[in-house]
Amino acid sequence: MTVKSNHVTIKGIRDGLVFLLDDQCEFEELLYELRYKLEHSHQNILTGPIVHVDIKLGSREVTENQKESILDILKQKGNLLIRSIDSPALKPEVKGPPPIMTMCGMVRSGQVLHHDGNLLFLGDINPGGTVTCTGDIYIMGSLRGMAHAGISGDETAIIAASVFAPTQLRIADIISRPPDEWESREAGMEFAYLQDNQMQIDKMSNIVRLRRDFNVFKGV
């Protein structure tokens, strides 16, 4: 027995059911049709005693979250027992540090640069300019404006710059105004981080103490 719609095919086999899911349509469209079919169609095979189910995704690449979305829909039918889910192109989980977006230019007074994630900015943040990120901020240039890292509450975020002379720093909800002597001293390569809910400033060479995932050059 085969019951077929545009994107979902339910095939009866000797010891259960096979769900064949289209590997070409949009994923959200696939979920919609799967949910609709389970709720409104073929109640004679989707109710009653326990039925073993095998899921075939074809050549579709799916993440773990997408796979769980499919399983959550099927599990709403209490008699469906998921036996296997097969995809020859299952996306591997990305491991290691999150990627960094690289941008270049200049943030002038009154301008705001925002990025979701970690940012490497090749250029200057002028006085009156603002850069905000949900992750880390690395500036290969002068930071003379305002920088806010970890704006979604990430207290492990850092702010680093080649010329470190900001008008204001923020990490998560912690705000630090730089000391007056920053205006008169020679600004260098430094970074800001939080320790015990206090803003701390350190030399760039010491950043590895916080970020153990950094590769360190030790020479020969």
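What counts as what
- Residues numbered from 1 in each chain as written.
- Predicted model: local features only at pLDDT ≥ 70, side-chain atom pairs only at ≥ 80, totals over all residues.
- Heavy atoms only, no water.
- UniProt positions renumbered as here; feature names shortened; annotations may be inferred.
- Phe/Tyr/Trp six-rings, centres within 6.5 Å; stacked < 30°, edge-to-face > 60°.
- Helix = DSSP H or I, 4+ residues; strand = E, 2+ residues; numbered from the N terminus.
- Buried < 20%, exposed > 50% of the residue type's maximum accessible area, 1.4 Å probe, protein only.
- Pairing = 2+ DSSP bridges.
- Axes fitted to C-alpha atoms, helices over the stretch in contact; angles between N-to-C directions.
- Expected span 1.5 Å × (residues − 1).
- Arc of directions from axis to C-beta.
- Contact = heavy atoms within 4.5 Å.

By the naming in an unreviewed UniProt entry, the protein goes by Probable septum site-determining protein MinC and is assigned to Paenibacillus amylolyticus. Among the UniProt annotations of the protein, the heading Function (unreviewed entry) holds the following wording: "Cell division inhibitor that blocks the formation of polar Z ring septums. Rapidly oscillates between the poles of the cell to destabilize FtsZ filaments that have formed before they mature into polar Z rings. Prevents FtsZ polymerization." Taken verbatim from the UniProt record of the protein, the Sequence similarities (unreviewed entry) comment is "Belongs to the MinC family."

Participant: It is not clear to me how the packing of aromatic side chains should be interpreted in this structure. Could you clarify?
Facilitator: Counted by the stated rule, this structure contains two aromatic pairs. With a centroid separation of 6.5 Å and 25° between ring planes, the pair formed by Tyr-32 and Tyr-36 is classed as stacked. A residue pair is termed a helical-turn pair when its members lie 3 or 4 positions apart in one helix, as Tyr-32 and Tyr-36 do in helix α1 (residues 27-40) at four residues. Judged by relative accessible area, which is 54%, Tyr-32 ranks as exposed.

Participant: Could you clarify how one ought to interpret the sheet that holds strand β11 (residues 146-149) in this entry?
Facilitator: Across a sheet, strands are paired by hydrogen bonds formed along the backbone, either parallel or antiparallel in direction. Spatial ordering of the open sheet is given by β7-β9-β11-β13-β14, a layout of five strands whose pairing is mixed. Because the sheet does not close on itself, it has two edges, and the strands there are β7 (112-115) and β14 (174-176). Strand-to-strand twist in this sheet, taken as the mean axis angle between neighbours without regard to direction, amounts to 10°. The sheet contact formed by β7 and strand β9 (residues 130-133) spans four bridges and is parallel. Looking at β9, one finds that His-115 is bridged to Cys-133.

Participant: I tried to follow helix α3 (residues 64-75) on my own but got confused; where do I start?
Facilitator: Owing to its 3.6 residues per turn, the α-helix aligns residues three or four sequence positions apart on the same side. The end-to-end C-alpha separation of α3 is 16 Å, in line with the 16 Å expected for 12 residues at 1.5 Å each. Where α3 is concerned, the buried positions are Lys-67, Ile-70, Leu-71, Ile-73 and Leu-74. Looking down the long axis of α3, one finds its buried residues gathered within 160° of arc, a one-sided arrangement. In this structure, the buried side of α3 is in contact with β3 (16-21), α1, β4 (51-56) and β5 (80-86).

Participant: So what exactly am I meant to see when it comes to the sheet that holds strand β8 (residues 118-125) here?
Facilitator: One open sheet accounts for six strands, arranged β6-β8-β10-β12-β15-β16; its pairing is mixed. The two strands at the open ends of the sheet, each matched to only one other strand, are β6 (100-107) and β16 (198-203). Across the sheet, the axes of successive neighbouring strands diverge by a mean angle of 20°, strand direction being ignored. Across eight bridges, the pairing between β6 and β8 is parallel. Residue Cys-104 lies in a different strand from β8, and its bridge partner there is Leu-122.

Participant: Explain unusual backbone geometry here, please?
Facilitator: Phi is mostly negative for residues that are not glycine, and the peptide bonds are mostly trans. A positive phi angle, near 55°, is found at Ala-172, a position not held by glycine. Looking at the secondary structure, you find Ala-172 in the loop between β13 (168-171) and β14. What makes Ala-172 buried here is its relative accessible area of 4%. Of note, the phi angle at Asp-196 is positive, near 55°, even though the residue is not glycine. Relative to the helices and strands, Asp-196 resides in the loop between β15 (190-195) and β16.

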